[in-house]
Amino acid sequence: MANFDIHIENYDKYDERRHDLYKIEIYKDEKIFKILEPEEYAPALNFNIKLDSLKEGKYSFVYENLFGETIKKEIKVDESKTYRISITPDYLFKKNKKSVFENLKDSEAKLVFQSRGCFHQDKDSIVVINKGKDYFLRQKMVV
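Small disclaimer: the values here were computed from a predicted structure and weren't measured.

## Considering the pattern of salt bridges
In total, this model carries 9 salt bridges according to the counting rule given. Across the pair Arg-138 and Asp-15 runs a salt bridge whose closest N-O atoms are separated by 3.9 Å. With a gap of 123 residues between them, Arg-138 in strand 10 (residues 134–139) and Asp-15 in the loop between strand 1 (2–8) and strand 2 (24–28) connect regions that are remote in the sequence. The exposure class of Arg-138 is partly exposed, given its relative accessible area of 22%. The shortest N-O distance in the salt bridge between Lys-23 and Glu-25 comes to 3.3 Å. Accessibility expressed as a relative area gives 39% for Lys-23, which makes it partly exposed.

## Quick look at the sheet that holds strand 8 (residues 108–116)
Spatially, 3 strands are ordered 8-9-10 in an open sheet, and the strand pairing comes out antiparallel. On the outer flanks of this sheet lie strand 8 and strand 10, each paired with one strand and no other. Each strand of the sheet is rotated relative to its neighbour by a mean of 20°, with strand direction disregarded. As paired elements, strand 9 (residues 121–131) and strand 10 share 6 bridges and run antiparallel to each other. In the strand pairing of strand 10, Val-128 is matched with Leu-137.

## Notes on the pairing of strand 9
Of the pairings in the sheet, the one linking strand 8 to strand 9 comprises 9 bridges and is antiparallel in character. Within strand 9, the position partnered with Lys-110 by the bridge is Val-127. Between strand 8 and strand 9, which pair antiparallel one after the other, the connecting turn spans 4 residues. The turn linking strand 9 back onto strand 10 is made up of 2 residues, and Gly-132 within it adopts a positive phi angle of 65°.

## A look at unusual backbone geometry
In the Ramachandran plot, Asp-29 falls in the positive-phi region, its phi being about 50° despite a non-glycine side chain. When you line up the elements, Asp-29 lands in the loop between strand 2 and strand 3 (31–36). Judged by relative accessible area, which is 39%, Asp-29 ranks as partly exposed. Non-glycine residue Ser-53 carries a positive phi angle of around 60°. Structurally, the position occupied by Ser-53 is in strand 4 (residues 48–54).

What counts, and at which threshold
Residues numbered from 1 in each chain as written. Predicted model: local features only at pLDDT ≥ 70, side-chain atom pairs only at ≥ 80, totals over all residues. Heavy atoms only, no water. Salt bridge = Lys/Arg side-chain N within 4 Å of Asp/Glu carboxyl O. Helix = DSSP H or I, 4+ residues; strand = E, 2+ residues; numbered from the N terminus. Buried < 20%, exposed > 50% of the residue type's maximum accessible area, 1.4 Å probe, protein only. Pairing = 2+ DSSP bridges. Axes fitted to C-alpha atoms, helices over the stretch in contact; angles between N-to-C directions.

Right under this line is the structure:
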């Protein structure tokens, strides 16, 4: 029997903050196998999840990244070993060539936004960083 060692981690290794993930759907041979969700009082999924006693087949891991993209990672289980699965919610897969960030070349852009309503007024910002062919999103950590 095979095992999965699932790691929810940042693609940007310089970002030490936790990016919460709320659901991972696992399919085996195109049929739903398991849905991973936080426990009753947990705010998000654990960083490390282990599944054991897996049979041979093609497994797909489906989740939504920080950018709203549905990501699908596939693993073929064909031997009795532990398969390490890396889930990276901060990775942008589809890069829109016509976006405002197209001109970022090893630099960053800060986006400032605000929200106002009858009983609130908030202002915050995020930073989009380009390093080579990769883009990263940094947001202020709420304590």
